[in-house]
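# Structural description and commentary
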Amino acid sequence: MATETTGAPARAPAPQEKGKQQSKPAPAKETPVTGGATAGEQKLTPAQLKAKAKAEKAARRAKAKEVQAAAPAAAAADAKGGKGGKGGKQEGGQSAGSQQQGKSVPGRRPSVGGRRPSMAAVIKEDPRSSIPECFSHVPMAKRIQTSQAHKDVHPAVLAVGQQMATFALKDSIARLEATLLAFKKVIESYETPKGNSLSRHFVPHVLNPQIEYLTECRPMSFSMGNAIRFLKSQVNKFDIDTPEDEAKETLLEFIDIFINERITLAEVVISKNAAELIDEEDVVLTYGRHRLVEKTILRAKANGKKFAVSIIDDPYDQGGKELAKTLQQAGIRVFYSPNLGGLRAHLERASNVLLGTEAIFANGSLLAPAGTADVAMAASAANVKVVALCETINFDRERVSVDSLTYNEIDPERCSAESFRLMFDNTHSKYITGVITEFESGTDFAPAQAILTLLRKREDPTIA
């Protein structure tokens, strides 16, 4: 410190200060104190500043990726902010704050403060931020950047995930079929590493990353979960010494048979059996648009029956409009209501109700598009027969449901700070007259509560 004290006066050669120092030596002590503090900071913080710079650089890169994902929203938020500190750097551009305050560019703090509004804008754009805590367990589909996906995710699976997240693939069976076809490409391109076997390596190191990515894009449907369990059980049946080509060929054949029997043929059988329920001059009421109901009605028309259809549309999805157009082109008389407001009037002339479902729980409750429960309850109160159409691959033999909050999804397209919409509802089995699956024949249908018995008696025992 003595060296610093003698060196400090040499920095202040001004005559006035020199005179003051001669008369009063105390100020000369103040000068080395401030200079000593600065030197002390420079000696104590170089390593810390270097580590801090690295951390800030990593943070800037992470923030840049998030800003790129929501560039339009962030740009709009920064443009509205507009005042000094509200403008931060975006993608290498000048900050609005630096344009208004010309001397703020060299400083470190203004640049850091300028980035915060952009991050706040990104956070505000997160749809889940406005969801109440009591609904935080309900999942929601989200679009994931391909650069953020696991390195082992196959390009075919990446494409399916994007289609699921944007609801280009919406129906549970459509998602199932696209997933299985993508898994076929994964299997075809798979090569077992040296020192491993397909039965031990394929599921944890190859198949699971594909499943995790698809689940992040949108929660798995019940049919997808069942099919994946069947596929994994098939892989586990292979012996360690099973040749790779033989195992891959077996898996590819298994997927082809599964799609043919559990999806294609099941759809044909269900529509054929359900069409037998429609009689001459009947009025069939349905809700929204479901492929099984649509194929059933067209099959009944192809059989030469004359009847009419009442469509109560989902006011958010509005798939009933397309169904009405399709049925009118087929020569079927159609009554259309854009929402549930016309339900009572349409039920007065309805002979029976056909409903499509997303899944059926072990206690017979139906998971179906929101609004289905209202239709079923109103029809049951009016003594109108309610029949649900569902493939057995959509059955869940382990879980039960008594409300719409345990198993559901939040509609990402209709989620705001003011409100959000659940995509499905739960219909109690007491409002369902029966369920038609691919195992019934003719006009028979099983009670919704008897799905477990139906599976045990009719389904392949190897997958029961």
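One can find the structure itself at the top, above this paragraph.
Now for a look at the structure at hand. (Residues numbered from 1 in each chain as written. Predicted model: local features only at pLDDT ≥ 70, side-chain atom pairs only at ≥ 80, totals over all residues. Heavy atoms only, no water.)

## A short note on the sheet that holds strand β11 (residues 434-436)
One open sheet accounts for six strands, arranged β3-β2-β1-β4-β7-β11; its pairing is parallel. Unpaired on one side and paired on the other, β3 (333-337) and β11 mark the two borders of the sheet. Taken over all neighbouring pairs, the strand axes of this sheet differ in orientation by 25° on average, direction set aside. Sheet topology note: the strand β1 (residues 283-287)/strand β2 (residues 308-312) ladder contains five bridges and is parallel. Following the sheet pairing, Leu285 is matched in β2 by Ser310. Seen against the sheet, helix α16 (residues 372-381) touches β1, β4 (352-356) and β7 (385-389) and runs at an angle of roughly 160° to β4. (Pairing = 2+ DSSP bridges. Helix = DSSP H or I, 4+ residues; strand = E, 2+ residues; numbered from the N terminus. Axes fitted to C-alpha atoms, helices over the stretch in contact; angles between N-to-C directions. Contact = heavy atoms within 4.5 Å.)

## Section: the pairing of β1
Of all five residues making up β1, five are buried, and the element is well covered by its neighbours. Here β1 shows no split at all, with Val283, Leu285 and Tyr287 on one side and Val284 and Thr286 on the other all buried. As paired strands, β1 and β4 are joined by three bridges and run parallel to one another. Looking at the pairing, Thr286 lines up with Leu354 of β4. (Buried < 20%, exposed > 50% of the residue type's maximum accessible area, 1.4 Å probe, protein only.)

## Some remarks on the packing of helix α9 (residues 172-189) against helix α12 (residues 244-275)
Relative orientation of the contacting elements α9 and α12 amounts to 165°, with a least axis distance of 10 Å. Here α9 is positioned roughly antiparallel relative to α12, judged by the angle of their axes. Crossing handedness for the pair α9 and α12: left-handed. Contacts between α9 and α12 involve Ile173, Leu176, Glu177, Leu180, Leu181, Phe183, Lys184, Ile187 and Glu188 from the first element and Lys248, Leu251, Leu252, Ile255, Asp256, Phe258, Ile259 and Ile263 from the second. In terms of residue class, the contact of α9 with α12 is made up of twelve nonpolar, no polar and five charged. (Parallel < 35°, antiparallel > 145°, perpendicular 65-115°, else oblique. Left-handed = near helix turned anticlockwise from the far one by under 90°. Nonpolar A, V, L, I, M, F, W, Y, C, P; charged D, E, K, R; others polar.)

## As for the pattern of salt bridges
Any two side chains of opposite charge can pair if their charged atoms end up close together. Counted according to the given criterion, the structure contains 17 salt bridges. In this structure, the salt-bridge partner of Glu409 is Arg218, at a minimum N-O distance of 2.9 Å. You can see Glu409 sitting in the loop between β7 and β8 (410-415) and its partner Arg218 sitting in the loop between α10 (198-217) and α11 (222-236), a full 191 residues away along the chain. Pair check on accessibility: Glu409 and Arg218 agree, each one buried. When the shortest N-O distance is used, the salt bridge between Arg291 and Glu391 registers 2.6 Å. On the criterion of sequence distance, the pair formed by Arg291 in helix α13 (residues 291-302) and Glu391 in the loop between β7 and β8 is long-range, its members being 100 residues apart. The two residues Arg291 and Glu391 agree in class, both being buried. Salt bridges sharing partners connect three or more residues here, namely Asp171, Glu267, Arg291, Lys295 and Glu391. (Salt bridge = Lys/Arg side-chain N within 4 Å of Asp/Glu carboxyl O.)

## Here's the deal with the side chain of Gln210
Secondary-structure assignment places Gln210 in helix α10. Assessed through its relative accessible area of 1%, Gln210 is described here as buried. Of note is the side chain of Gln210, whose polar atom sits 2.8 Å from the backbone oxygen of Asp152. Filtering out sequence-adjacent residues up to four positions away, Gln210 remains in contact with Asp152, Val153, His154, Val157, Phe183 and Val186. (Polar contact = N/O pair within 3.5 Å; in protein donor to acceptor, adjacent residues only side chain to side chain.)

## A few points about the packing of aromatic side chains
A full pass over the atoms with the stated rule returns six aromatic pairs. Between Phe135 and Phe420, the aromatic rings sit 5.1 Å apart at their centres with planes inclined by 70°, giving edge-to-face as the arrangement. Here the residue Phe135 occupies a position in the loop between α7 (108-124) and α8 (155-165), and Phe420 occupies one in strand β9 (residues 420-422), the gap between them amounting to 285 residues. Residue class for Phe420 comes out partly exposed when judged on its relative accessible area of 24%. (Phe/Tyr/Trp six-rings, centres within 6.5 Å; stacked < 30°, edge-to-face > 60°.)

## A short note on the nonpolar core
The biggest cluster of nonpolar side chains holds 44 residues, and the ones touching the most others in it are Leu176, Phe183, Phe202 and Tyr213. Elements represented by at least two residues in this core include exactly α8, α9, α10, α11 and α12. It is α10 that contributes the most residues to this core, nine residues altogether. Once you skip the residues sitting within four places of it in the chain, Phe183 turns out to touch Val157, Leu207, Gln210, Ile211, Leu214, Ile228, Leu231 and Ile255. The next biggest cluster of nonpolar side chains, apart from the first, holds 24 residues, and it includes Leu347, Ile360, Ala388 and Ala448. (Core = buried A, V, L, I, M, F, W, Y, C linked by side-chain atoms within 4.5 Å.)

## Looking at the packing of α8 against α9
Taken N-terminus to C-terminus, the directions of α8 and α9 make an angle of 165°; their axes are 8 Å apart at the nearest point. Classed by the angle they form, the pair α8 and α9 counts as roughly antiparallel. You can see that α8 and α9 cross each other, and the crossing is left-handed. On α9, the residues touching Ala156, Val157, Val160 and Met164 of α8 are Arg175, Ala178, Thr179, Ala182, Phe183, Lys185 and Val186. Split into classes, the residues belonging to the contact of α8 with α9 amount to eight nonpolar, one polar and two charged.

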